[in-house]
Amino acid sequence: MNDKQRTKTSKFMSLVLRHSPQTVGITLDAAGWIGVDELLAAMARHDHPITREQLMEVVSTNDKQRLCLSEDGARIRANQGHSVEVELGYEPATPPEMLYHGTTMRFVDSVLSQGLKKMQRHHVHLSESIEQTMKVGQRRGRPVLLEIDSGQMHRDGLVLYRTPNNVWLTDHVPPHYIHLVLDTAGEQDAYPR
Ligand code: HQG
């Protein structure tokens, strides 16, 4: 597969495994898993035929490691980002002192008054990487970086989970753990309004 085909297939698989398994007529189990054979057959039936090798290639080359195979390689699921009902079964984990969330200016007032909410997803997504965070914020316009006092959240008894691809998940971040970072080292100058 070339880069374009790989990206297209990866997006389609993420769509199926996170949001709409019905697109190819499958049902995920309670933890979001589906058999690889079953997925391949369903994709073939719905005009997206790929080989097992191509599926493996998409899983291993995905820039954010969105997809994951079971230990025996027989099943596949998305690591996070679902809108369909799933129980991913991650264990609560101890976060670093600081995590980041990327959003955009028009959401900031609401975020600082209501906290970070999970919106259409199952969790609020936080990151250890400022670079990744800026990319997330940039999807919606000029990105804004929020620093999250994740260490204090943890000490206060709020639960955070870490996915295998290093995304931190939580139910809600109350406003007093959120700090707006303005013009960090001029980085935001790179993103015109
Ligand atoms: C915002 C993609 C107003 C929140 C990305 C965000 C990420 C509020 C949007 C991953 C709010 C929800 C997750 C409040 C939160 N008032 N706006 N109280 N609370 N928001 O897409 O974090 O490519 O559900 O700031 O790269 O943007 O899919 O979450 O802007 O890693 O793997 O509401 O999804 O990864 O948007 O993105 P999303 P997100 P994938």
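Further up the page is the structure itself.
Residue numbers run consecutively from 1 along every chain, following the written order of its sequence. In keeping with the model being predicted, local features are shown solely for residues with a pLDDT of at least 70 and side-chain atom pairs are shown and tallied solely at 80 or more, while totals for entire chains, interfaces and linings include all residues. Heavy atoms from the whole structure form the basis of all side-chain values; hydrogens and water molecules are not counted.

Engineer: How should I be thinking about the pairing of strand 4 (residues 99-104) in this particular structure?
Structural biologist: Relative accessible area decides the class of each residue, using a 1.4 Å probe on protein chains only: under 20% of the type maximum gives buried, over 50% gives exposed, and in between gives partly exposed. The helix count covers DSSP runs of H or I at least four residues long, the strand count covers runs of E at least two residues long, and both are numbered beginning at the N terminus. Of all the 6 residues making up strand 4, 6 are buried; the element is thus mostly covered by neighbouring parts of the structure. Side chains Leu99, His101 and Thr103 project from strand 4 onto one buried face, and the interleaved Tyr100, Gly102 and Thr104 project onto a second face that is buried too. For two strands to be treated as a pair, DSSP must find at least two bridges joining them. Sheet topology note: the strand 4/strand 6 (residues 143-148) ladder contains 6 bridges and is antiparallel. Its bridge partner lying in strand 6, His101 is registered against Leu146.

Engineer: How do you make sense of the sheet that holds strand 5 (residues 124-126) when you look at a structure like this?
Structural biologist: Strand pairing in a sheet takes place through backbone hydrogen bonds and is either antiparallel or parallel in direction. Read across the open sheet, the 3 strands follow the order 5-8-7; overall the sheet is antiparallel. With one partner strand each, in any of the chains shown, strand 5 and strand 7 (160-162) form the two edges of the open sheet. Put simply, the sheet's adjacent strands are angled 30° from each other on average, direction ignored. Bridging between strand 7 and strand 8 (residues 168-170) involves 3 bridges; their strand directions are antiparallel. What sits directly across from Arg162, in strand 8, is Trp168. Axes here mean lines fitted to C-alpha atoms, for a helix over just the part in contact, with angles spanning 0 to 180 degrees between N-to-C directions.

Engineer: Help me understand the packing of helix 1 (residues 3-19) against helix 3 (residues 52-61) in this model?
Structural biologist: Two quantities define a packed helix pair, namely the angle between the axes and the distance from one axis to the other. Here helix 1 crosses helix 3 at 85°, and the two axes come no closer than 10 Å. By the criterion of interaxial angle, the relationship of helix 1 to helix 3 is roughly perpendicular. Contacts from Arg6, Thr9, Ser10 and Met13 in helix 1 reach Leu55, Glu57, Val58 and Thr61 in helix 3. Orientation categories follow fixed angle ranges, with anything under 35 degrees roughly parallel, anything over 145 roughly antiparallel, 65 to 115 roughly perpendicular, and all other angles oblique. In what follows, residue pairs with any heavy atoms lying within 4.5 Å of each other are defined as contacts.

Engineer: Is there a simple way to think about the site of the ligand in this case?
Structural biologist: Near residues are defined by distance, with any heavy atom within 4 Å of the molecule or strand qualifying the residue. Close to the ligand lie 18 residues, the nearest being Arg18, Lys64, His101, Ser110 and Arg140. Contact between the ligand and His101: an oxygen atom at 2.7 Å from a side-chain N or O atom of the residue. We call two N or O atoms a polar contact when they sit within 3.5 Å, provided that within protein one can donate a hydrogen and the other can accept it, with sequence-adjacent residues counted only if both atoms are side-chain atoms. Here a nitrogen atom of the ligand sits 3.4 Å away from a polar atom, N or O, in the side chain of Gln114. Accessible areas in this description were obtained via Shrake-Rupley with a 1.4 Å probe; residue shielding takes into account the shown protein chains only. Against a free-state accessible area of 780 Å², the protein chains account for coverage of 88% of the ligand. Listed by contribution, the elements that provide at least two residues to the shell around the ligand are strand 4 and helix 4 (105-114). Considering each element in turn, the shell around the ligand owes the most residues, 4 residues, to helix 4. Domains are outlined according to an automatic or database domain assignment. The residues that make up the shell around the ligand include at least three from each of domain 1 (3-78) and domain 2 (99-182).

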